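Breakdown of the fold
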Amino acid sequence: MAAARGVSPELMVAALTVRDSLGRLNDLIHAAGIVLALPHLLEDGEEIAVRPSLAAGNDPSRPFDLETDRRVAEFKLARWRGADAMRKRQTFKDLVMLAADRTGRRAELFVVGPEPGRFLRTSRSTAAWALDRTPHARRVFEESFGSLDVSVAQFTERHAGHVQITDLCDVLPSEVVAALVR
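1. A closer look at the environment of Ala-31
With respect to the helices and strands, the residue Ala-31 is situated in helix 2 (residues 26–41). Classification of Ala-31 by relative accessible area gives buried; the value is 18%. Between the alpha carbons of Ala-31 and Glu-142 there is a distance of 31 Å; along the sequence they are 111 residues apart.

2. With respect to the pairing of strand 3 (residues 71–75)
Counted residue by residue, strand 3 has five buried out of five residues, so it is predominantly covered. Burial of strand 3 is two-sided: the residues Arg-71, Ala-73 and Phe-75 facing one way and the residues Val-72 and Glu-74 facing the other way are all buried. In terms of strand pairing, strand 2 (residues 66–68) meets strand 3 through two bridges, oriented antiparallel. Residue pairing for strand 3: Leu-66 is matched across the bridge by Ala-73. Summarising the sheet, strand 3 and strand 4 (residues 106–111) pair through five bridges and their orientation is parallel. Opposite Glu-74, over in strand 4, you have Leu-109 as the bridge partner. A crossover connection joins strand 3 to the parallel strand 4 through helix 3 (residues 85–100); in handedness this β-α-β unit is right-handed.

3. Quick look at helix 6 (residues 135–145)
Residues of helix 6 that are buried: Ala-137, Val-140, Phe-141 and Phe-145. Looking straight down helix 6, one finds that the buried residues subtend no more than 100° of arc, so they occupy a single side. The exposed set on the far side of helix 6, more than 90 degrees from its buried face, consists of Pro-135 and Glu-143. As for helix 6, its buried residues are in contact with helix 3, helix 5 (127–130) and helix 7 (152–158). Downstream of helix 6 by one or two residues, Gly-146 has phi in the positive range, about 95°.

4. Topic: the pattern of salt bridges
As enumerated under the stated definition, the model contains 10 salt bridges in all. As a salt-bridge pair, Glu-108 and Arg-71 come within 2.5 Å of each other at their nearest N and O atoms. With Glu-108 in strand 4 and Arg-71 in strand 3, this residue pair connects regions lying 37 residues apart in the sequence. Across the pair, exposure class does not vary: Glu-108 and Arg-71 are buried alike. Between Asp-94 and Lys-76 there is a salt bridge, with the nearest N and O atoms lying 3.0 Å from each other. Placement of Asp-94 in helix 3 and of Lys-76 in the loop between strand 3 and helix 3 is noted, with a sequence separation of 18 residues between them. Look at the salt bridges and you will find they share partners, linking Glu-43, Glu-46, Arg-70, Arg-71, Arg-106 and Glu-108 into a network.

5. Some remarks on the sheet that holds strand 4
Overall, mixed pairing links the five strands, which are arranged 1-2-3-4-5 in an open sheet. Two strands in the sheet have a free side with no partner beyond their single neighbour: strand 1 (48–50) and strand 5 (164–167). Adjacent strand axes in the sheet meet at a mean angle of 30° when their direction is disregarded. Strands in contact with helix 2 are strand 1, strand 2, strand 3 and strand 4; relative to strand 3, the strand with the most contacts, it is inclined by about 140°.

The rules behind each value
- Residues numbered from 1 in each chain as written.
- Predicted model: local features only at pLDDT ≥ 70, side-chain atom pairs only at ≥ 80, totals over all residues.
- Heavy atoms only, no water.
- Helix = DSSP H or I, 4+ residues; strand = E, 2+ residues; numbered from the N terminus.
- Buried < 20%, exposed > 50% of the residue type's maximum accessible area, 1.4 Å probe, protein only.
- Pairing = 2+ DSSP bridges.
- Right-handed = clockwise from strand over helix to strand, strands pointing away.
- Arc of directions from axis to C-beta.
- Contact = heavy atoms within 4.5 Å.
- Salt bridge = Lys/Arg side-chain N within 4 Å of Asp/Glu carboxyl O.
- Axes fitted to C-alpha atoms, helices over the stretch in contact; angles between N-to-C directions.

Dropping the structure here:
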């Protein structure tokens, strides 16, 4: 269905190329990344329960990018290049929201490259710092996990250990991966 509608690896490579040259096309990149990853992620018989949130940033009516009968997932398709404070904050916020989900479905965070996972596993920055720009996520954190005076790494180990963090480079078509990591 995606191919019939023109969503292809070539489309995503073109969007990544244009973003680097002409500006931000985050919604197209986000949507194409999810659509291209889905055939490699969905298990036999797994059904999408809610229309995926394909634009960058969630629709308030859909708390996660992907909800199936078996999983909830967030996709972070940004490349980390050094000055990544906002990316770090957004990735941690998504991890918190996934960890706080109580539906019993598997929680997954899809990222690009090793840097996001390394940040989540090793950062000594506090949850207070990481969530200082997202009041809703701060409230969820405090209600679900307590004090914000815990490091990102401690939270990831203690409270988000059940959230699977997957590098999309292991999932997406090779030509997309080549464009993502260059």
